[in-house]
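Secondary and tertiary structure notes
Here is what each chain is made of, one letter per residue.
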Amino acid sequence: MTDDLEAALRAALRPVDPPEGFTGRVMARVASAQRHRLRARWRIPAGIAAAVLLAISIYLHIQQQRREGLEARRAIVEALRLTDEKLDLAYQTVREASGT
Amino acid sequence: MDDDLAKARAGNMAAFEALVAAHRKQVFGLGLRMLGSVHAAEDLAQEVFMQLHAKLNSIDTAEHLRFWLRRVTANRAIDALRRSALVNVTSLEDEAHDIGSEDPGDPLLQRRLRALLLQLTPAARAVVTLRYQDDLDPTDIAQVLEMPLNTVKSHLKRSLSVMREGLEDHAT
């Protein structure tokens, strides 16, 4: 009886093929997971690269503003110097004309 | 086989596909017998092969691969059964899947045995399926399921007794 039952169990539990297209579906999922892993692998380096680019562009922008500020200051100093010279000249002319 | 494993480990997808084709019957069959549903068994088998692909580098030989597949499939099926109230009866569709395959014996008796298998606890289902689907001896089953040998023997003895009673009740 045990032998009969065991034989019947072997027949009842024999391995069966999965539904058609199973291997293809597994391979599609594996390929999709691989793409996902690849994207995930590049996500951190890409984030770091973007952060570095952003920091560089902010630094360059600040440098540019500083240069423009220095240039403006130089222009103002130059303008003041020229104004001062002209005022001295005018003052001198007025003094000469008044004979003092 | 070892050749396909070595190639698959080196990243050859065709070799991995050959491994899936060679082991799908064993993996899907174990899932189907334990879960009693074609859909659930296919999902489980796909997950097992996905995990295999991710872990290929830790598999050394063809024998190790067979052992690994059995262990992972059985453990995943036991977890799935514990997590959810998966069916303990097979649907007509699930039975049709079995009838469609080559069948050497009495289909009604076999259907009854598969139904009785689904009445067993998850661990007992795993033990019986590994014993009669994969023809493993109790020592191998104990290793695959990380279970004491005496527990395996006791599951087998009790399961056969339950099934025998189930068949007798059905006959009367």
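Here goes a summary of the coordinates provided.

How each quantity is defined
- Residue positions within a chain follow its written sequence, with the count starting from 1.
- Chain A is the first chain written and ligand 1 is the first ligand written, with later ones labelled in order.
- Note on the predicted model: pLDDT of at least 70 is required for a residue's local features to be given, and 80 or more for side-chain atom pairs to be given and counted; whole-chain, interface and lining totals, by contrast, use all residues.
- Side-chain figures throughout are based on the complete set of non-hydrogen atoms in the structure, without hydrogens or water.
- Secondary structure follows DSSP: runs of H or I at least 4 residues long count as helices, runs of E at least 2 residues long count as strands, and numbering of each begins at the N terminus.
- Note on method: radius of gyration uses C-alpha positions; expected globular size equals 2.2 Å times residues raised to 0.38.
- Exposure categories follow from relative accessible area, calculated using a 1.4 Å probe and restricted to protein chains: below 20% of the type maximum is buried, above 50% is exposed, and the middle band is partly exposed.
- Surface exposure here means Shrake-Rupley accessible area, sampled with a 1.4 Å probe, where a residue is shielded only by the protein chains that are shown.
- Positive charges come from Lys and Arg, negative ones from Asp and Glu, while His and the chain ends are left out of the count.
- Positions of charges follow a simple convention, taking NZ of Lys, CZ of Arg, CG of Asp or CD of Glu.
- In what follows, a contact means two residues having at least one pair of non-hydrogen atoms within 4.5 Å.
- Throughout, the accessible surface (probe 1.4 Å) given up by two parts as they are put together, summed over both, is called the buried area.
- Think of a salt bridge as a Lys or Arg side-chain nitrogen and an Asp or Glu carboxyl oxygen that are within 4 Å of each other.
- Residues enter patches when they are more than 30% accessible in relative terms and free of salt bridges; like-charged ones are connected within 9 Å and nonpolar ones (Val, Leu, Ile, Met, Phe, Trp, Tyr) within 5 Å.
- Two aromatic rings from Phe, Tyr or Trp, using only the six-membered ring of Trp, form a pair when their centres are within 6.5 Å; if the ring planes differ by under 30 degrees the pair is stacked, by over 60 it is edge-to-face, and anything between is tilted.

**Side note on the overall build of chain A**
Of regular secondary structure, chain A possesses 2 helices and 0 strands. Against the globule reference of 13 Å for 100 residues, chain A gives a C-alpha radius of gyration of 43 Å, more extended than a compact globule. The principal-axis extent of the C-alpha atoms belonging to chain A is close to 145 × 25 × 10 Å. Residues counted as buried form 16% of the 100 residues belonging to chain A. Of the accessible surface of chain A, which amounts to about 7800 Å², a share of 63% is contributed by carbon and sulfur atoms. Positive and negative side-chain charges of chain A, numbering 16 and 12 respectively, have mean locations separated by a distance of 3 Å.

**Comments concerning the interface of chain B and chain A**
Between chain B and chain A, the residue contacts involve 41 residues of the former and 26 residues of the latter. Contact between chain B and chain A buries roughly 3300 Å² in total, counting both sides, with carbon and sulfur atoms accounting for 66%. Our count for the contact surface shared by chain B and chain A stands at 4 salt bridges. Its salt-bridge partner being B:Glu47, residue A:Arg29 comes within 2.6 Å of it at the nearest N-O pair.

**Details of a nonpolar patch on the surface**
Judged by side-chain polarity, A:Ile44, A:Ile48, A:Val52, A:Ile56, A:Tyr59 and A:Leu60 come together as a nonpolar surface patch covering roughly 620 Å² of accessible area. Here A:Leu60 lies in helix 2 (residues 22-97).

**Topic: the side chain of A:Thr23**
Structurally, A:Thr23 is set in helix 2. Ignoring any residue separated from it by four or fewer positions in sequence, one finds A:Thr23 in contact with B:Glu17, B:Val20, B:Ala21 and B:Arg24.

**Re the packing of aromatic side chains**
Taken as a whole and judged by the stated rule, the model has 1 aromatic pair over all chains. Judged by centre distance (6.0 Å) and plane angle (65°), the rings of A:Phe22 and B:Phe49 are edge-to-face. Separated into two different chains, A:Phe22 in helix 2 and B:Phe49 in helix 3 (residues 38-55) make up a pair that spans both. By relative accessible area, which is 2% here, A:Phe22 ends up buried.

**A look at the pattern of salt bridges**
Where charged atoms from two side chains of opposite charge come close, those side chains can pair. Evaluated as defined, the whole model comprises 13 salt bridges over all chains. The partner of B:Asp134 in a salt bridge is B:Arg70, and the shortest N-O contact between them spans 2.7 Å. Taken together, the residues B:Asp134 in the loop between helix 7 (122-132) and helix 8 (138-145) and B:Arg70 in helix 4 (residues 62-83) connect sequence positions 64 residues apart. Residues B:Asp134 and B:Arg70 agree in their burial class; the two are buried. Through salt bridges that share partners, A:Arg10, B:Arg131 and B:Asp135 make up one connected network.

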